[in-house]
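What follows is the residue order along each chain.
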Amino acid sequence: MDAKTLFTRLNRVFQDVFDDASIRITPKTTANDIEDWDSLEHITLISAVEREFGMKFKMGEISSMKNVGEMAQIIAQRASK
């Protein structure tokens with residue numbers, strides 16, 4: 001899966017989870033950049049991303065993600081296997 005497709009799909013998930021069509025994520029996007037992104041919404045977001053891409057994150061991966069770019073990297077690695 002190419003990066004553009006991955007980010008298009010991820011962006012759609014973010015827009016759905018946060019109910020905000022104006023969200024435009026980048027690899028550097030963090031929870032500080034999205035107003036409603038708190039710990040509860042983080043769980044909802046992770047679950048929605050897992051459904052969208054048909055995968056499960058490991059607990060260590062979830063806790064170590066610092067930005068959307070790191071999330072996308074994990075998804076891309078899994079998609080290439």
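Residues numbered from 1 in each chain as written. Predicted model: local features only at pLDDT ≥ 70, side-chain atom pairs only at ≥ 80, totals over all residues. Heavy atoms only, no water.

### Points about the nonpolar core
Note the cut-off: We define a nonpolar core as any set of buried Ala, Val, Leu, Ile, Met, Phe, Trp, Tyr and Cys residues linked to one another through side-chain atoms lying within 4.5 Å. The buried label applies to any residue whose accessible area, calculated with a 1.4 Å probe on protein chains only, is under 20% of its type's maximum; exposed applies above 50%, and partly exposed to all values in between. Elements are defined by DSSP. Helices are runs of H or I of four residues or more, strands are runs of E of two residues or more, and each kind is numbered from the N terminus. Contacts are residue-level and defined by heavy atoms, with any inter-residue pair within 4.5 Å sufficient.
Counting 25 residues, the largest nonpolar core has Leu10, Phe14, Leu45, Val49, Phe57, Met71 and Ile75 as the members making the most contacts within it. Top contributing element to this core by residue count: helix 1 (residues 3–17), with six residues. Setting aside chain neighbours within four positions, we find Leu45 in contact with Val13, Phe14, Val17, Phe18, Trp37 and Met71.

### Description of helix 1
Our working rule: To estimate the expected span of a helix, subtract one from its residue number and multiply by 1.5 Å. By the criterion applied in these results, polar contacts are pairs of N or O atoms within 3.5 Å in which, for protein atoms, one can donate a hydrogen and the other can accept it, and in which residues neighboring in sequence qualify only through two side-chain atoms.
Taking 1.5 Å of rise per residue, 15 residues should cover 21 Å, and helix 1 covers 21 Å from first to last C-alpha, within 8% of that figure. Residues of helix 1 that are buried include every one of Leu6, Phe7, Leu10, Asn11, Val13, Phe14, Gln15 and Val17, and no others. Summarising the contacts, the buried residues of helix 1 are in contact with helix 2 (39–53) and helix 4 (68–79). You can read the cap of helix 1 off the contacts: a side-chain oxygen lies 3.0 Å from the backbone nitrogen of Lys4, and it is on Asp2.

### Section: the pattern of salt bridges
Inclusion rule: Any carboxyl oxygen of Asp or Glu within 4 Å of a side-chain nitrogen of Lys or Arg constitutes a salt bridge here.
What the rule picks out here adds up to four salt bridges. The partner of Lys56 in a salt bridge is Glu50, and the shortest N-O contact between them spans 3.7 Å. The class for Lys56 is exposed, based on a relative accessible area of 63%. In the salt-bridge network here, residues are joined through shared partners; they are Arg9, Arg12 and Glu52.

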